[in-house]
Amino acid sequence: METPKAFLSPAAEGGEKSPSMTEAQTMAYLAKEGVQPLEHWKPHTSFLYVMEEATRGDDGYFKDLPLEQRPSIARLDDPTEIDFSDPRDRGDGTVVYYVGNEGGQVDYYAINPTTNEVTRVKKTNPVKNRENAYFVRKEALFATADHLFPKGI
């Protein structure tokens, strides 16, 4: 699959590509675009989740994708549960919460830090197994912004 031209830095010579936005850059981008942190959520309501650097790194879940296609953000389309009553320490002091997503797909988007171009790079089907479920950090949850991150087809 060819890398979208949107990921080519305008200043880059010889086809050099820009890595997608980091976690910190993505948080700043969302704030600049007016995307609100997720405060009140109800089942079957989509939300955005900013991807951690560990997940995006060379030994993370997306290690097989080129740097410019590693997701900056995920859009969970129809999650059924966020269990804020059961905080879990991931082992490094990071608190995460279970997300049940039996109801919908997850779209992953990379954001080019030079152009702010948003590109969907991956789509997955719902996770139906609690052992392989999503675990999220509360501070990385945001309200859906369909004008920036639409549901993929």
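Overview of the structure. These figures come from a predicted structure and were not determined experimentally.

Digging into the packing of aromatic side chains
Alright, step 1. Evaluation of the coordinates by the stated rule reveals six aromatic pairs.
Alright, step 2. One aromatic cluster in this structure is built from Tyr 61, Phe 62 and Tyr 108.
Alright, step 3. One Lys or Arg, Lys 138, reaches over the ring of Phe 84 and ends 4.7 Å from the middle of that ring.

Quick notes on the pairing of strand E2 (residues 73–76)
Alright, step 1. Of the two faces of E2, the one lined by Ile 73 and Arg 75 and the one lined by Ala 74 and Leu 76 are each fully buried.
Alright, step 2. Across four bridges, the pairing between strand E1 (residues 47–50) and E2 is antiparallel. Following the sheet pairing, Val 50 is matched in E2 by Ile 73.
Alright, step 3. In this sheet, strand E5 (residues 106–111) lies alongside E2 in antiparallel orientation, the contact comprising four bridges. Residue pairing in the sheet places Arg 75 in a bridge with Asp 107 of E5.

Details of the pattern of salt bridges
Oppositely charged side chains can form a pair if their charged atoms are brought close together.
Alright, step 1. According to the stated counting rule, one finds 13 salt bridges in the structure shown.
Alright, step 2. Across the pair Asp 58 and Arg 70 runs a salt bridge whose closest N-O atoms are separated by 2.8 Å. In this pair, Asp 58 is assigned in the loop between helix H2 (53–56) and E2 and Arg 70 in the loop between H2 and E2, connecting sequence segments twelve residues apart.
Alright, step 3. Using a relative accessible area of 62% as the deciding quantity, one classes Asp 58 as exposed.
Alright, step 4. Residue Arg 70 is classed as buried on the basis of its relative accessible area, which comes to 6%.
Alright, step 5. Note that Arg 120 is salt-bridged to Asp 107, the shortest N-O span being 2.9 Å. Highlighted residues: Arg 120 in strand E6 (residues 118–124) and Asp 107 in strand E5, separated in sequence by 13 residues.
Alright, step 6. Looking at Arg 120, the relative accessible area reads 32%, which means it is partly exposed.
Alright, step 7. What makes Asp 107 buried here is its relative accessible area of 0%.
Alright, step 8. Overlapping salt bridges, with partners in common, bring together Glu 23, Glu 52, Arg 90, Asp 92, Arg 137 and Glu 139 in one network.

Some points on the sheet that holds E1
Alright, step 1. Across the sheet, which stays open at both edges, the five strands sit in the order E6-E5-E2-E1-E8 with antiparallel pairing between neighbours. Lying at the two open borders of the sheet, with one neighbouring strand each, are E6 and strand E8 (141–143). Here the strands of the sheet are splayed against their neighbours by 30 degrees on average, with no regard to which way each runs.
Alright, step 2. Contacts from helix H1 (residues 23–32) reach E1, E2, E5, E6 and E8, with the element oriented near 145 degrees to E1.

The rules behind the values
- Residues numbered from 1 in each chain as written.
- Predicted model: local features only at pLDDT ≥ 70, side-chain atom pairs only at ≥ 80, totals over all residues.
- Heavy atoms only, no water.
- Phe/Tyr/Trp six-rings, centres within 6.5 Å; stacked < 30°, edge-to-face > 60°.
- Lys NZ or Arg CZ within 6 Å of the ring centre and 35° of its normal.
- Buried < 20%, exposed > 50% of the residue type's maximum accessible area, 1.4 Å probe, protein only.
- Helix = DSSP H or I, 4+ residues; strand = E, 2+ residues; numbered from the N terminus.
- Pairing = 2+ DSSP bridges.
- Salt bridge = Lys/Arg side-chain N within 4 Å of Asp/Glu carboxyl O.
- Axes fitted to C-alpha atoms, helices over the stretch in contact; angles between N-to-C directions.
- Contact = heavy atoms within 4.5 Å.

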